[in-house]
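Fold and contact review
For reference, the chains in residue letters:
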Amino acid sequence: MSFSIKKEGEIVVVDVEGQLIVGNRQELKQKVLDELERGEKKFLIDFAQTGYIDSSGLGVLVSLSKKIREQGGELRLANLNDDLKTLFELTKLDTLFQISDTRDRALSSF
Amino acid sequence: MAASPQPDAGLRVSLEVEIPSDVAYIERVVDLVRHSCSELSFNSHQLALNVPVALSEALSNAILRGNQEDPEKRVRVCAKVDARRLVLEIADEGVRFDIDANTRDATDPDNLEREDGRGLFLMRALMDQVERFDTGPGTTQGNVVRLTLTRA
């Protein structure tokens, strides 16, 4: 499990490879907060290569979303598979995040 | 959705795993249990969502809340899988708690932006039954959380 970060224009894109769970959520949080501190405002987290997400992982996404908004930025999500969509629907977090089916759609939505 | 292939009705898998109170072990335990469920032809959604997320939550609770990450304390997992269902028991050595006291609805608008508070909610949403017992007689501490999921 790992996170890779790259820039697409002015958007910071984070790929979550493997699981986003209690054991690695702080790593994701710190990486995104570091970018936020550098002045980045637009963030996309891509779950195309993600297995499962636990409640800690969801909590980190909620926390990051709040912190990014507080700095006048935006966090968007892309590429949730059917099971991850179900997870977001169960927790109603699909109402909190702007979620796109593809990375390209997410990138063009900013 | 395609029906799951019929598993061998006579096949039963039992698995016992013991880990230190360290969240780094969660993923490996989940993989072991998921593999057993796969052998018994649980469907893809149960293998990708119900089993890993609910078990991760139970293990996190046992390690972080139950055992408080005490290196002297262990978490024991017993998994029994057959053609009908998966029964998981996750045992910690921590202070006993009342699982029914936590009824917070994680989907309530007031709770939606909370970072925490979704663990038990997800276990209940993803499993058919979630129960808690005291560990065996002769102990004053320890919880066993039992998760039951019927094969779909």
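Conventions we followed
Along every chain, residues carry numbers that run from 1 in the direction the sequence is written. Lettering for chains starts from A, numbering for ligands starts from 1, and both go in the order in which the items are written. A pLDDT threshold of at least 70 governs which residues receive local features in this predicted model, and a stricter bar of 80 or more applies before side-chain atom pairs are shown or counted, although totals over entire chains, interfaces and linings include all residues. Water and hydrogen atoms play no part in the side-chain values, which are based on all heavy atoms of the structure. Each helix corresponds to a stretch of at least 4 residues labelled H or I by DSSP, and each strand to a stretch of at least 2 residues labelled E; elements are numbered beginning at the N terminus. To get the radius of gyration, use the C-alpha atoms; to get the globule rule, take the number of residues to the power 0.38 and multiply by 2.2 Å. Buried residues are those whose accessible area, probed at 1.4 Å on protein chains only, stays under 20% of the maximum for their type, while exposed residues exceed 50% and partly exposed ones sit between those limits. Contacts are residue-level and defined by heavy atoms, with any inter-residue pair within 4.5 Å sufficient. To be clear on the numbers: accessible area is Shrake-Rupley with a 1.4 Å probe, and residue cover counts the displayed protein chains and nothing else. Only four residue types enter the charge count, namely Lys and Arg as positive and Asp and Glu as negative; His and the chain termini do not. For this purpose, a charge sits on NZ of Lys, CZ of Arg, CG of Asp or CD of Glu. Only strands joined by at least two bridges in the DSSP assignment are considered to pair. To define axes, lines are fitted to C-alpha atoms, for helices over the stretch in contact only, and angles between the resulting N-to-C directions are given on a 0 to 180 degree scale. In this scheme the crossing of two helices becomes right-handed for a clockwise turn of the near helix relative to the far one and left-handed for an anticlockwise turn of less than a right angle. Charged means Asp, Glu, Lys or Arg here, nonpolar means Ala, Val, Leu, Ile, Met, Phe, Trp, Tyr, Cys or Pro, and polar covers whatever is left, Gly included. The pairing test for Phe, Tyr and Trp rings, Trp by its six-membered ring, is centres within 6.5 Å, and the orientation test on the planes gives stacked under 30 degrees, edge-to-face over 60, and tilted for anything in between. In this analysis the charged atom, NZ for Lys or CZ for Arg, is taken to sit over a ring once it is within 6 Å of the ring centre and within 35 degrees of the ring normal. Joining two parts hides part of their accessible area as seen by a 1.4 Å probe, and the buried area is that hidden amount summed over both. By definition, a salt bridge exists where a carboxyl oxygen of Asp or Glu is found within 4 Å of a side-chain nitrogen of Lys or Arg. We call two N or O atoms a polar contact when they sit within 3.5 Å, provided that within protein one can donate a hydrogen and the other can accept it, with sequence-adjacent residues counted only if both atoms are side-chain atoms. Expected span of a helix, by definition, is 1.5 Å for each gap between consecutive residues, and there is one gap fewer than residues. Cavities and pockets are defined on a 1 Å grid built over the protein atoms alone: a cavity is a set of grid points where a 1.4 Å probe fits but cannot escape, while a pocket is an open set with protein on both sides within 12 Å along at least five of seven lines, and lining residues are those with an atom within 4 Å of any such point. Grid points are joined across faces, edges and corners, and a volume is the space filled by probe spheres set on the points.

This part covers the overall build of chain A. Each helix and strand counted, chain A has four helices and six strands in total. In terms of C-alpha radius of gyration, chain A reaches 13 Å, essentially the compact-globule figure of 13 Å for 110 residues. Expressed as a percentage of its 110 residues, the buried residues of chain A come to 52%. Contacts in chain A between residues at least 24 apart in sequence constitute 69% of all its contacts with a sequence separation of at least 6. Counting only carbon and sulfur atoms, one obtains 39% of the accessible surface of chain A, whose full area is about 4800 Å². Separation between the mean location of the 16 positive side-chain charges and that of the 19 negative ones in chain A comes to 5 Å.

Here we take up the pairing of strand β1 (residues 13-20) of chain B. All names here are of chain B. Side-chain alternation along β1 places Val13, Leu15, Val17 and Ile19 on a buried face and Ser14, Glu16, Glu18 and Pro20 on a face that remains uncovered. Across eight bridges, the pairing between β1 and strand β2 (residues 74-81) is antiparallel. Its bridge partner lying in β2, valine 17 is registered against valine 77.

To continue, consider the packing of helix α2 (residues 44-66) of chain B against helix α3 (residues 119-126) of chain B. Residue and element names in this part refer to chain B. Two elements in contact, α2 and α3, have axes whose closest approach is 9 Å; the angle formed by their N-to-C orientations is 145 degrees. You can see that α2 and α3 cross each other, and the crossing is left-handed. Counting all contacts with α2, which are made through Leu49, Asn50, Val53, Ala54, Glu57, Ala58 and Asn61, the residues of α3 involved are Gly119, Leu122, Met123 and Leu126. A per-class count over the contact of α2 with α3 returns seven nonpolar, three polar and one charged.

Under the definition given, this model contains one aromatic pair over all chains. Both rings, one in Phe88(A) and one in Phe97(A), keep their centres 6.1 Å apart while their planes meet at 70 degrees; by these two values the pair is edge-to-face. Summarising the burial analysis for this pair, Phe88(A) and Phe97(A) share the class buried. Sitting above the plane of the Phe110(A) ring, Arg76(A) keeps its charged end 4.6 Å from the centroid. Residue placement shows Arg132(B) over the ring face of Phe97(B); its charged tip is 5.6 Å from the ring centre.

To continue, consider the interface of chain B and chain A. At the interface, 27 residues of chain B touch 27 residues of chain A. In total, about 2200 Å² of surface goes out of reach between chain B and chain A, with carbon and sulfur atoms giving 61% of it. By the criterion of area lost to chain A, the three top residues of chain B are Glu27(B), Glu113(B) and Glu115(B), representing 29% of everything that side buries. Linking chain B with chain A are two salt bridges, by the criterion used here. With a closest N to O distance of 2.8 Å, Arg69(A) and Glu113(B) form a salt bridge. Along the contact surface separating chain B from chain A lie five residue pairs in polar contact (both at pLDDT 80 or more). Going through the elements one at a time, α1 (26-39), α2 and α3 of chain B are the ones with two or more residues in the side of chain B that touches chain A. Of all the elements, α2(B) adds the most residues to the side of chain B that touches chain A, at 10 residues. Class assignment of the residues belonging to the side of chain B that touches chain A gives a composition of 14 nonpolar, six polar and seven charged.

All names here are of chain A. Under the 1.5 Å per step criterion, the end-to-end length of helix α2 (residues 55-70) is 23 Å for 16 residues, consistent within 8% with the ideal 22 Å. The buried fraction of α2 is high, at 12 of 16 residues. Ser55, Ser56, Gly57, Leu58, Gly59, Val60, Leu61, Val62, Ser63, Leu64, Ser65 and Ile68 are the residues of α2 that are buried. Structurally, the start of α2 carries an N-cap: the backbone nitrogen of serine 56 is 3.0 Å from a side-chain oxygen of aspartate 54. Backbone geometry just after α2 places glycine 72 at a positive phi near 80 degrees.

Next up on the list: the layout of surface pockets. Each pocket or cavity is described by its volume, and for the largest pocket that value is around 680 Å³. Lining the largest pocket are 34 residues; nearest its centre among them are Asn61(B), Arg65(B), Gly117(B), Gly119(B) and Leu120(B). Among the elements of the structure, α2 of chain A together with α2 and α3 of chain B are those that each provide at least two residues to the lining of the largest pocket. Counting residues per element, the lining of the largest pocket draws most heavily on α2(B), which supplies eight residues. Tallied by class, the residues present in the lining of the largest pocket amount to 13 nonpolar, 10 polar and 11 charged.

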